[in-house]
Amino acid sequence: MALLEVENIRTYFYTLRGVVKAVDGVSFKLEKGETLGIVGESGCGKSTLAWSLLRLVPPPGRIVGGQIRIDGKDIVAMSESEVRREIRWKRISMIFQGAMNALNPVYTVGDQIIEPLLLHTNMTKHEALERARELIEAVGLAPSILERYPHELSGGQKQRVVIAMALALKPDIVIADEPTTALDVVVQAQILNLMKKLHQEEKMSIILITHDLGVVTELSEKIAVMYAGKIVEFGSAEEIFENPLHPYTKALIRAVPRLKGDIHKLEYIPGTPPDLRSPPPGCRFAPRCPRRFEPCDKEEPPIIEYSKGHYVACWLYSKR
Ligand SMILES: Nc1ncnc2c1ncn2[C@@H]1O[C@H](COP(=O)(O)OP(=O)(O)O)[C@@H](O)[C@H]1O
Ligand SMILES: [Mg+2]
């Protein structure tokens, strides 16, 4: 049994203008201590998937089907109070997209880090401050930061604080939703190195979410490629880069700017992702796919195991 087993999860937003099928039948497994990168263009449902894993989907959204099992226990079926008591922040925590800009301006960093500790553990204020000091050092900051206010910190320092907060209760799984997007390239690299170090030292599993395939290479053992609410390809990072199968994955790889070696022509993917209120009936990528043929517009391709541990949903690789 894997640490995390996501099975056919579906999360929809019930808006006045229709039902947005933001996550529509996603399945994957994550072993203890493993790192998984989830990549795909903006709007493909990555954040919605992350919110689902924490049972924090904002209204008008909700999980409408599927299971999310942690150590075999389905958290979709749990009550909110059970999730709060047993799961959220303790087993699985999250660095929210843009969280570093959402730190509370009127509290010191120290107060913000100890808050979850006082709320979720029996620690005294003194013990919580001790743990906060440990956490702040673990993310490579000086303890004096604890007395500062968010506006006194750089972007990179704020992001480290947010990471420290996600680690506070020693979760087994940390989800990082676009943790480097707002940072400059040098700081991005530092944050990724920090996450790599934490992963190795604390043996926690990391789910790294990004629209930038270039970012996941450093940290992720496994990669899931998402398109329009679905996983279209899944495999080891090595397999995904050396032997990509899905035309969308191939296009994403061609769109990664390379720093070393030849200057490759940066190719962008023509067209736009579908409206998730009325996705195309067959393969959702078909309207943009250079390799589409007769079944693609009509029938959705099943996800198949093409080679050991390498999964793809594309008619090029399966018979009808
Ligand atoms: N609160 C919301 N209400 C309605 N639709 C939403 C909401 N949040 C996200 N969506 C829609 O869900 C889809 C997936 O969004 P999101 O999960 O944020 O994608 P990503 O993180 O990959 O950019 C998009 O079509 C988006 O417009
Ligand atoms: Mg997002």
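A brief structural summary. Nothing here was measured: the structure is a model prediction, and the numbers come from that model. (Residues numbered from 1 in each chain as written. Chains lettered and ligands numbered in written order. Predicted model: local features only at pLDDT ≥ 70, side-chain atom pairs only at ≥ 80, totals over all residues.)

1. Things to note about helix H6 (residues 185–202)
- For H6, which comprises 18 residues, the first-to-last C-alpha distance of 25 Å matches the rise-based estimate of 26 Å (1.5 Å per residue) to within 8%.
- Those residues of H6 that fall on the buried side of the exposure criterion are Ile191, Leu192, Met195 and Leu198. Projected onto a plane normal to the axis of H6, the buried residues spread over an arc of 120° and lie on a single side. Seen from the open side of H6, the exposed residues pointing more than 90 degrees away from its buried face are Val185, Val186, Gln200 and Glu201.
- Elements that come into contact with the buried residues of H6 comprise helix H4 (125–138), helix H5 (155–167), strand E7 (173–177), strand E8 (205–210) and helix H7 (213–219).
- One or two steps after H6, the chain reaches Lys203, where phi turns positive at roughly 55°. (Helix = DSSP H or I, 4+ residues; strand = E, 2+ residues; numbered from the N terminus. Expected span 1.5 Å × (residues − 1). Buried ≥ 20, exposed ≤ 12 C-beta atoms within 10 Å, placed from the backbone. Arc of directions from axis to C-beta. Contact = placed C-beta atoms within 7 Å.)

2. Description of the site of ligand 1
- Phe13, Ala22, Lys46, Ser47 and Thr48 are the nearest of the 16 residues found near ligand 1.
- Elements that contribute at least two residues to the shell around ligand 1 include exactly strand E1 (4–15), strand E2 (18–30) and helix H1 (46–53).
- Considering each element in turn, the shell around ligand 1 owes the most residues, three residues, to H1.
- Here the shell around ligand 1 is composed, by residue class, of seven nonpolar, eight polar and one charged. (Near = placed C-beta within 6 Å. Nonpolar A, V, L, I, M, F, W, Y, C, P; charged D, E, K, R; others polar.)

3. Notes on the packing of H5 against H6
- Packing of H5 against H6 brings their axes to within 10 Å, and their N-to-C directions diverge by 20°. With respect to each other, H5 and H6 are oriented roughly parallel. You can see that H5 and H6 cross each other, and the crossing is right-handed. Of H6, the residues touching H5 (which contributes Gly155, Gly156, Gln159, Arg160, Ile163 and Leu167) are Val187, Gln190, Ile191, Leu194 and Leu198. (Axes fitted to C-alpha atoms, helices over the stretch in contact; angles between N-to-C directions. Parallel < 35°, antiparallel > 145°, perpendicular 65-115°, else oblique. Left-handed = near helix turned anticlockwise from the far one by under 90°.)

4. Overview of the nonpolar core
- Within the largest apolar cluster, 88 residues are counted, with the highest numbers of intra-cluster contacts made by Ala164, Val174, Ile175, Ile207 and Val225.
- Among the elements that line this core, the one with the most residues is H5, at seven residues.
- Inspection of this core shows a minimum of three residues originating in each of domain 1 (4–91 + 175–273) and domain 2 (100–170).
- Look past the residues within four positions of Ala164 in its chain and what remains in contact with it is Ile113, Leu135, Ile136, Ala138 and Val139. (Core = buried A, V, L, I, M, F, W, Y, C linked by C-beta atoms within 7 Å. Domains from an automatic or database assignment.)

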